[in-house]
Amino acid sequence: MKEQLEELTDRIPDKRFLLLLGILVFAGFLRFKYAFFEGMWIDEGRYGRIAASVSQHLWDYSTNSELYGQITGHPPVYPYLLAISVLIFGNNEFALRIVSPIVSLATIALIYKFGAEVRDRETGLIAAALLTVNPIFWFLSERILIGVTLTFMYTATMLAFWYGLEDRKYSKYSLYAAGPLTLLTVLTKQPGYALGVILPLYFVYRKQDAFRDAWEKRKIRGTALYRELTDRKYYISAGLGILTITPWMLRNMSTCGFPLCSFQRALSFAGRDVTNPAVQHIQGLYFFVSSLPLMLTLPVAAFIFGRLAYAGMKSYEENAELTAYKIATYLGGTVLLFVLMEKLVPMFLLAGLALFTRTDFEKLGWIWAGIGIGFMSIPATKDPRYIVFTMPALILTASLGVRSFTVWLSNLIGRSEIKTFGITALIVLPMVFMGYTQGLGDVQRGGYSHLEPAGEFIDQNAPLDSNVAATSNGQFWYYVHPRMAYMPPNNESEFQNFLLEKNISYVEVDVYEPMQPQWTQTGIAPYRLPNSVRAALQSGEISQREAYSRFSNTPEYLTPVRSYGETRSPISSQPQPVVIVYRVERGMLE
């Protein structure tokens, strides 16, 4: 039986390719099954409008007056992918939703290639399978959001740079590609700026002998470091990168007076006043670090840190003194940063683990994950999807751990290809199942489904030269175009002037966004409680009846004309609509 099975497997021309194809088919099934649902999130609505606009003027990305406030803060790579899809499939939601699943599949294929180059094709297959069902990555593969595209660009950049520093047949050309890929990653989303730290750190590590030689000789000219720094392949790579970003920088200078408008936005985001009630989802500095095992799934995290522990143990056996020095450096650096600049501690906690790894890629992987997660830990607002671009680094590390463990186990019980494959399947399939079950709950959540019919009603009834006020203005902007959808101001006196000045014909109020003004509620209770009221309720400063009395009835110049869905108010628990559309009675305002 054993001989027959081995003979059968030998007849299959390329078993690993077929396995990769099976993983991609499975990944595609999951993504296309859940990607097309009703409703959008607010960011999805914004990207939809940007894509529709850009597709009409491909060479004039950042100067469209209608979108100026939105578009200049968004780097162009993802909007252009959406715009190209709109040109191919038409201006509809299918064109928007098809992009992330396709880029997701390309990323899965890319991580397979990365794993195959780092160790072997089996490692690549393990990484591809684990990334397919990684909860964060899978979730973003269904959304009109930028995370999956950023993950693809990061993975491509790291593969090109890592391979470019290897001594292999096509390393020179890979390094050439690393320059443009790095700058395209910067033009994808603001976390791309972290590459300015990641790549130089890894370069210094890989060329440490050359740096040490120059240090010992107290000179650069005539040393190995001088030969490295004058190697024209680095300058070709940098030149290609500069050519890639220069047109965009010139365009930005003409619109916001700064080479990268999105960089200004990133600085503004990082420095926001987190005491402002408008800033939501505030998380602690160590949120990403503490949540990482759950984001990865526990089995994946176990293999990552198990491999790290094994590397540390082997390092101690080989050189106990050096290992002790590394531990002292790691702990001392953590304490020092905690005292002097605590916001950098998450970065050092993770990136510093590169000290204990044994392979070049794992050092790059921990630098990539540590700097990336540390970079995103500095702003007060944190969401798991913000660090999805670090998942390939950690999943590849886990895949190396799985591969090493299966090879060791198969050697222990008598090595054969069939046994190794069987052991790998017994380990990886439960990990895939756990990722699948953990991620399934998230991907089944649709968008804000009741907003679409409300938007369609307004689109059919509002004059084309009028505008709309909407508490979920990002989605409504997409549904009611060419009308504009504005967020209402926060008090009634300003609101009346706002309705007249902006030529508002309809007002939409819903349960989804926490920023809606208090006075546009039904007479029952607010849909969402402002932060100040919620805090007062939780602390016992006011009762529910006192909180209820703080809200006035709907203004008489707003007439409810449509409602959609049903929910319950947070104070009275009485039923009320999910979305209400009001017609503005302008005669009562003028």
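All of the points below concern the structure found in this document. (Residues numbered from 1 in each chain as written. Predicted model: local features only at pLDDT ≥ 70, side-chain atom pairs only at ≥ 80, totals over all residues. Heavy atoms only, no water.)

1. Side note on the sheet that holds strand E1 (residues 467–470)
What holds strands together in a sheet is hydrogen bonding between their backbones, with the strands either parallel or antiparallel. Note the threshold: In this description, strands pair whenever DSSP reports at least two bridges between them. The helix count covers DSSP runs of H or I at least four residues long, the strand count covers runs of E at least two residues long, and both are numbered beginning at the N terminus.
Spatial ordering of the open sheet is given by E2-E1-E3-E7-E4, a layout of 5 strands whose pairing is mixed. Whereas interior strands pair on both sides, the edge strands pair on one side only; in this sheet they are strand E2 (485–486) and strand E4 (558–564). Two strands pair when backbone bridges link them, and E1 and strand E3 (residues 504–510) are joined in this way by 4 bridges, in the parallel orientation. Residue pairing across strands places Ala469 opposite Val507, the latter belonging to E3.

2. Considerations on the environment of Tyr478
Threshold: In this scheme, a residue with accessible area under 20% of its type's maximum is buried, one over 50% is exposed, and one in between is partly exposed, where area comes from a 1.4 Å probe on protein chains only. A contact between two residues is defined here by any heavy atoms of the two lying within 4.5 Å.
By the element assignment, Tyr478 lies in helix H25 (residues 473–480). With relative accessibility at 13%, the residue Tyr478 sits in the buried group. As a C-alpha pair, Tyr478 and Gly48 span 430 residues in sequence and 6.3 Å in three-dimensional space. When near neighbours in sequence (up to four residues on either side) are disregarded, Tyr478 contacts Met40, Gly45, Gly48, Arg49, Asn91, Asn92, Glu93 and Leu96.

3. Points about the pattern of salt bridges
Filter applied, for reference: Salt bridges are defined as contacts in which a side-chain nitrogen from Lys or Arg sits within 4 Å of a carboxyl oxygen from Asp or Glu.
A full pass over the atoms with the stated rule returns 24 salt bridges. Arg385 is the salt-bridge partner of Asp383, the closest N and O atoms lying 3.7 Å from each other. Owing to a relative accessible area of 18%, Arg385 belongs among the buried residues under this scheme. When salt bridges with common partners are traced through the structure, they connect Lys113, Glu117, Glu166, Arg168, Arg206 and Asp360 into a single cluster.

4. Observations concerning the packing of aromatic side chains
Inclusion rule: Pairing of aromatic side chains requires ring centres within 6.5 Å, counting the rings of Phe and Tyr and the six-membered ring of Trp. Pairs whose planes differ by under 30 degrees are stacked, by over 60 edge-to-face, and all others tilted. In this scheme, Lys NZ or Arg CZ marks a charge over a ring once it lies within 6 Å of the ring centre and within 35 degrees of the ring normal.
Tallied over the entire structure, the rule returns 23 aromatic pairs. Plain terms: the ring middles of Phe457 and Tyr506 are 6.0 Å apart, the flat faces sit at 85 degrees to each other, and that makes the pair edge-to-face. Residue Phe457 is located in helix H24 (residues 451–461), and its partner Tyr506 is located in strand E3; the two are separated by 49 residues in the primary sequence. The same class applies to Phe457 and to Tyr506, which are both buried. Ring pairs connect the aromatic residues Tyr486, Phe495, Phe498 and Tyr557, which therefore count as one cluster. Positioned above the aromatic ring of Trp215 is the side chain of Arg218, whose terminal nitrogen or guanidinium carbon lies 4.5 Å from the ring centre.

5. Quick look at helix H13 (residues 208–217)
Where we set the bar: In this description, one arc is meant: the one made by directions from the helix axis to the C-beta atoms.
If you check which residues of H13 are buried, you get Ala210, Asp213 and Ala214. When H13 is viewed along its axis, its buried side chains cluster within an angular range of 95 degrees and face the same direction. Along H13, exposed side chains directed more than 90 degrees from the buried face belong to Asp209, Trp215 and Glu216. Just downstream of H13 lies Arg218, where phi reads positive at about 60 degrees.

6. Quick notes on the nonpolar core
How we decide: Nonpolar cores were defined as sets of buried Ala, Val, Leu, Ile, Met, Phe, Trp, Tyr and Cys residues, with membership established by side-chain atoms within 4.5 Å.
Ranked by internal contacts, the top residues of the largest apolar core, which has 124 residues, are Tyr154, Met158, Ile198, Ile458 and Phe476. Setting aside residues up to four positions removed in sequence, Tyr154 forms contacts with Thr185, Pro191, Gly192, Ala194, Leu195, Ile198, Trp368 and Phe389. Among the nonpolar cores identified, the runner-up in size contains 13 residues, and Ile504, Tyr557, Ile580 and Leu589 belong to it.

7. Some details on the packing of helix H3 (residues 42–54) against H25
Definition in use: Lines are fitted to the C-alpha atoms to define the axes, a helix being fitted only along its stretch in contact, and any angle between axes, read from their N-to-C directions, falls within 0 to 180 degrees. Here a crossing is taken to be left-handed if its near helix is turned anticlockwise relative to the far helix by less than a right angle, and right-handed if that turn runs clockwise. Residues are grouped as follows: Ala, Val, Leu, Ile, Met, Phe, Trp, Tyr, Cys and Pro are nonpolar; Asp, Glu, Lys and Arg are charged; all remaining types, including Gly, are polar.
Closest axis-to-axis distance for the H3/H25 pair is 6 Å, and the angle between their directions is 35 degrees. When you trace H3 past H25, the crossing you get is left-handed. On H25, the residues touching Ile42, Gly45, Arg46, Gly48 and Arg49 of H3 are Asn473, Gly474, Gln475, Trp477 and Tyr478. A breakdown of the residues in the contact of H3 with H25 according to their chemical character gives 3 nonpolar, 5 polar and 2 charged.

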